[in-house]
Amino acid sequence: MSEKASRYKRILLKLSGEALMGGGDYGIDPDVITRVASEISDVVSLGVEVGVVIGGGNIFRGAGLAEGGMDRVTGDHMGMLATVMNALAMQDALEKLNVPARVMSALSIHQVCEDYIRRKAIRHLEKGRVVMFAAGTGNPFFTTDSAASLRAIEIGADIVIKATKVDGVYSDDPVKNPDAVRYDRLGYDEVLDKKLMVMDATAIVLCRDSNMPLNVFSINNHGDLLRMMQGESVGTVVE
């Protein structure tokens, strides 16, 4: 393997909406989304096909409003629309770096993006376009974590890569507990049994049942995504 080669041919990158806020309390920090787009561009330059699922928590959280009395299905649909907004922003950031990108939505919004059609998505990836999978699964009660696992399996990705604010999976919240231990490797059932906050249980079970490996790393460590592609051990691997 040459220094520039990648260990993966096709990946699914899961970004939380909160990761795009930067130091803010809401919305999208232009500097952050530009930096993340640049890291994706570096990976694309290795010849890796990249699918992306972005959450919507920086704009709207359906579950939170449901607790306040809003109809859960309505709230979840609003959350799906928030993910479309983030996907369009990422598409714009990538195209400014001359990286071809497409947004494919599980909800039909023809004026702003394409419908998600599996075979068409794979064709985009094969042509070197980054594909943003927006609007979750298109169904209420399913998180964007579950959408990431589902899309990764559908497109035949080699791995799901989850970008978080911490550098892997810990035994406890490392911000609140300085004695929390970081894991290098975990099994799917370990994650479920220990109730580790990697992804929600549905997403983990989807990965487990399809033997889809998962790598959790920090989006704030510049260059880690590229190093991961080149075979270095980064973050926590669940398989």
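Cut-offs and rules
- Residues numbered from 1 in each chain as written.
- Predicted model: local features only at pLDDT ≥ 70, side-chain atom pairs only at ≥ 80, totals over all residues.
- Heavy atoms only, no water.
- Buried < 20%, exposed > 50% of the residue type's maximum accessible area, 1.4 Å probe, protein only.
- Helix = DSSP H or I, 4+ residues; strand = E, 2+ residues; numbered from the N terminus.
- Pairing = 2+ DSSP bridges.
- Contact = heavy atoms within 4.5 Å.
- Axes fitted to C-alpha atoms, helices over the stretch in contact; angles between N-to-C directions.
- Salt bridge = Lys/Arg side-chain N within 4 Å of Asp/Glu carboxyl O.
- Core = buried A, V, L, I, M, F, W, Y, C linked by side-chain atoms within 4.5 Å.
- Parallel < 35°, antiparallel > 145°, perpendicular 65-115°, else oblique.
- Left-handed = near helix turned anticlockwise from the far one by under 90°.
- Nonpolar A, V, L, I, M, F, W, Y, C, P; charged D, E, K, R; others polar.

### Remarks on the pairing of strand β6 (residues 159–164)
Reasoning step 1: Along β6, 6 of the 6 residues are buried, which leaves the element largely enclosed by surrounding structure.
Reasoning step 2: Of the two faces of β6, the one lined by Ile-159, Ile-161 and Ala-163 and the one lined by Val-160, Lys-162 and Thr-164 are each fully buried.
Reasoning step 3: With 5 bridges connecting them, β6 and strand β10 (residues 214–218) associate as parallel partners. Its bridge partner being in β10, Ile-161 is matched across the sheet by Asn-215.

### Concerning the sheet that holds strand β3 (residues 101–105)
Reasoning step 1: Reading across the sheet, the 9 strands line up as β4-β3-β5-β2-β1-β6-β10-β11-β9 and stay open at both edges, with mixed pairing between neighbours. On the outer flanks of this sheet lie β4 (114–115) and β9 (185–186), each paired with one strand and no other.
Reasoning step 2: Of the pairings in the sheet, the one linking β9 to strand β11 (residues 236–238) comprises 2 bridges and is parallel in character. Each residue of the ladder has a partner; that of Arg-185, found in β11, is Val-237.
Reasoning step 3: The strands that helix α5 (residues 144–155) touches are β1 (10–15), β2 (49–54), β5 (130–134) and β6; relative to β1, the one it contacts most, it runs at about 170°.

### Remarks on the environment of Phe-217
Reasoning step 1: If you trace the backbone, Phe-217 turns up in strand β10.
Reasoning step 2: In this structure Phe-217 comes out as buried when scored by relative accessible area, which is 1%.
Reasoning step 3: It is 22 Å that separates the C-alpha atoms of Phe-217 and Gly-27, two residues lying 190 residues apart in sequence.

### Comments concerning the pattern of salt bridges
Reasoning step 1: Tallied over the full model, the rule gives 17 salt bridges.
Reasoning step 2: The salt bridge involving Asp-145 is made with Lys-162; its shortest N-O contact spans 3.2 Å. Of the two residues, Asp-145 sits in helix α5 while Lys-162 sits in strand β6, which places them 17 residues apart along the sequence. Both residues of the pair, Asp-145 and Lys-162, belong to the buried class.
Reasoning step 3: Each of Lys-9, Arg-10 and Glu-49 takes part in salt bridges that share partners, so that together they form one network.

### A closer look at the nonpolar core
Reasoning step 1: In this structure, Ile-40, Met-90, Val-130 and Met-229 are the most contacted members of the largest nonpolar core, which totals 42 residues.
Reasoning step 2: Breaking this core down by element, the ones donating at least two residues are β1, α1 (30–44), β2, α3 (72–96), β3, β5, β6 and α8 (224–229).
Reasoning step 3: Setting aside anything within four residues of it in sequence, one finds Met-90 in contact with Leu-15, Leu-20, Ile-33, Val-36, Ala-37, Ile-40, Ile-54 and Met-132.
Reasoning step 4: By size, the runner-up hydrophobic cluster in this structure holds 29 residues, among which are Ala-152, Ala-157, Val-169 and Met-212.

### Details of the packing of α5 against helix α7 (residues 201–209)
Reasoning step 1: The contact between α5 and α7 brings their axes to 7 Å, and the two run at 15°. Here α7 runs roughly parallel to α5, going by the angle between their axes. As α5 runs across α7, the sense of the crossing is left-handed. Counting all contacts with α5, which are made through Asp-145, Ser-146, Ser-149, Leu-150 and Ile-153, the residues of α7 involved are Thr-202, Ala-203, Leu-206 and Cys-207.
Reasoning step 2: Split into classes, the residues belonging to the contact of α5 with α7 amount to 5 nonpolar, 3 polar and 1 charged.

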